[in-house]
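Each chain, letter by letter, is given below.
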Amino acid sequence: MTDQNETAALVVEHTIRQDQRKQYEKWLSEILKAVSASRGYLGREVFPPTEDGKPYTTVVRFKNQTDVQLWLDSPERRAFIESMKDAFEKGDQTTVKAGLDIWFSPNGEMRKSPAYKQFLLAVAAIYPVTLIIPRLLEPLFAAVPILANPFIGNFFVTLILVGLLNYLIMPFLTKLLKNWLFD
C-alpha cells in the first residue's frame, strides 16, 4: 500500500501513427505546458520513440498521488486527449507510480527489478553523496551559524541529498544500469 503523501509519477505512453508525429509533438508541448501549471507539479521527462512503432513515454512527477489523480480527471486533460485520440494507435496508456518505485523504473517501464539489485544500486548511489555533500557544505555551515545546529544542518543536507537522488542520480543510474537491473 502506498502513502498518499509520497511523491508520485504519472507515466503516459502514446504510440502515434507515423503520419501524425509532427502534429503530436506540437500537441505534446501544449499539454506539457498545461500540466506544468497544475497543482503539485514537480517536473517531467519525455522519451521519444527510439524506433518506429515504439511509444512516446512521458513521466510527469507530482507531489503526491492526489495531485496526479486531479490532473488525470481534469476536464483540461480530457479535452487534450480527445483532440488527439485519432492519432493514438494504442490509446492513452497511463500508469501511476509512487515512492521508491520511481527510482527503479527507467523510461516508465513497468518491469520490477529484484530487491537485492535495488538495494545494491541504492547503496552505491547514497554512500558517495553522503560523504561528499556534507563536506562540500562545510564552508557554508561555517559562514551561516544557524546551519551549525545539527537539526537544521542535517535537515538542509537531507533536502539536498534527497533532491539529488530523486531527480538526478537515481534516474541516471537506473537508465545506465537498466540491463543489469532488469536481467
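Cut-offs and rules
- Along each chain, the written sequence defines residue order, and numbers are assigned to residues from 1.
- The model is predicted, so local features are restricted to residues of pLDDT at least 70 and side-chain atom pairs to those at 80 or more, both for listing and for counting; the totals for chains, interfaces and linings are taken over all residues.
- Heavy atoms throughout the structure, all of them, feed into the side-chain values; hydrogens and water do not.
- Salt bridge, as used here: a side-chain nitrogen of Lys or Arg that lies within 4 Å of a carboxyl oxygen of Asp or Glu.
- Summary of the burial criterion: residues with accessible area below 20% of their type's maximum are buried, those above 50% are exposed, and those between are partly exposed, where the area comes from a 1.4 Å probe applied to protein chains only.
- Only DSSP runs of H or I with at least four residues qualify as helices, and only runs of E with at least two residues qualify as strands; both kinds are numbered from the N terminus onward.
- Nonpolar cores are built from buried Ala, Val, Leu, Ile, Met, Phe, Trp, Tyr and Cys residues. Side-chain atoms within 4.5 Å join them into one set.
- Contacts were defined at the residue level, with two residues in contact if any of their heavy atoms lie within 4.5 Å.
- A cavity, in this analysis, means grid points on a 1 Å lattice covering only the protein atoms where a 1.4 Å probe fits yet has no way out; a pocket is instead an open set bounded by protein on both sides within 12 Å along at least five of seven lines, and a residue lines either one if it has an atom within 4 Å of a point.
- Grid points are joined across faces, edges and corners, and a volume is the space filled by probe spheres set on the points.
- Strand pairing is defined by DSSP finding a minimum of two bridges between the two strands.
- Axis definition: a line fitted to C-alpha atoms, over the contacting stretch in the case of helices. Angles run 0 to 180 degrees between N-to-C directions.
- Stacked, tilted and edge-to-face are the three classes applied to pairs of Phe, Tyr and Trp rings, where Trp contributes its six-membered ring and a pair requires centres within 6.5 Å; stacked means planes under 30 degrees apart, edge-to-face means over 60, and tilted covers the rest.
- The predictor attaches a confidence to each residue, and that confidence, scored 0 to 100, is pLDDT.
- For classification, angles of less than 35 degrees are called roughly parallel, those exceeding 145 degrees roughly antiparallel, those between 65 and 115 degrees roughly perpendicular, and all remaining angles oblique.
- Residue classes follow a fixed rule: Ala, Val, Leu, Ile, Met, Phe, Trp, Tyr, Cys and Pro count as nonpolar, while Asp, Glu, Lys and Arg count as charged, and any other residue, Gly among them, counts as polar.

1. Considering the pattern of salt bridges
In total, this model carries six salt bridges according to the counting rule given. Residues aspartate 19 and arginine 17 are paired through a salt bridge, measuring 3.2 Å at the closest nitrogen-oxygen approach. Classification of arginine 17 as partly exposed rests on a relative accessible area of 31%. A salt bridge links aspartate 67 to arginine 39; the shortest N-O distance between them is 2.5 Å. Placement of aspartate 67 in helix α2 (residues 65-72) and of arginine 39 in the loop between α1 (21-35) and β2 (41-47) is noted, with a sequence separation of 28 residues between them.

2. As for the nonpolar core
Counting 23 residues, the largest nonpolar core has Leu10, Tyr24, Trp27, Leu28, Phe62, Trp71 and Phe88 as its most contacted members. Looking at this core, the elements that each hand over two or more residues are β1 (8-14), α1, β3 (56-62), α2 and α3 (75-84). Ranked by residues supplied to this core, first place goes to α1 with seven residues. In contact with tryptophan 71, other than residues within four places in its own chain, are Leu10, Ile31, Ala34, Val35, Ser38, Phe62, Glu76 and Arg77. One finds Leu121, Val129, Ile133 and Phe141 within the second-largest nonpolar core, a separate group that totals 14 residues.

3. Points about empty space enclosed by the protein
Going through the model one piece at a time under the given rule, you end up with one cavity of 30 Å³ or more. Approximately 120 Å³ is the volume found for the largest cavity. If you trace the largest cavity, you find 14 residues lining it, with Val12, Leu28, Ile31, Leu32 and Thr58 closest to the centre. Elements that contribute at least two residues to the lining of the largest cavity include exactly β1, α1, β3 and α3. Broken down by element, the residue count for the lining of the largest cavity peaks at six residues, all from α1.

4. Some words on the environment of phenylalanine 88
Following the sequence through the fold, phenylalanine 88 ends up in the loop between α3 and β4 (93-98). Remark: the alpha-carbon pair of phenylalanine 88 and isoleucine 16, spanning 72 residues in sequence, is separated by 4.8 Å. Apart from residues lying up to four places away in sequence, phenylalanine 88 is in contact with His14, Thr15, Ile16, Tyr24, Trp27 and Ile81.

5. What about the sheet that holds β1?
Read across the open sheet, the four strands follow the order β2-β3-β1-β4; overall the sheet is antiparallel. Only two strands of the sheet have a single partner each, and these edge strands are β2 and β4. This sheet shows a mean twist of 15 degrees between the axes of neighbouring strands, independent of strand direction. Note: β2 against β3, six bridges, orientation antiparallel. Its bridge partner lying in β3, glycine 43 is registered against arginine 61.

6. Notes on the packing of aromatic side chains
This structure, assessed with the given rule, holds six aromatic pairs. Within the aromatic cluster, the residues linked to one another by ring pairs are Tyr24, Trp27, Tyr56, Phe80 and Phe88.

7. Concerning the confidence of the model for the protein
Of the residues in the protein, 88% have a pLDDT of 70 or more, and the chain-wide mean is 85. Per-element averaging of pLDDT across the protein places helix α6 (residues 178-181) at the bottom with 80 and α3 at the top with 96.

8. Describing the packing of α1 against α3
The description of two packed helices rests on the angle between their axes and on the distance between the axes. The geometry of α1 relative to α3 is characterised by a closest axis approach of 11 Å and an angle of 180 degrees between their N-to-C directions. Regarding the angle of α1 to α3, the classification is roughly antiparallel. The residues of α3 that touch α1, namely those facing Gln23, Tyr24, Trp27, Glu30, Ile31 and Ala34, are Glu76, Arg77, Phe80, Ile81, Ser83 and Met84. Residues of the contact of α1 with α3, tallied by class, amount to seven nonpolar, two polar and three charged.

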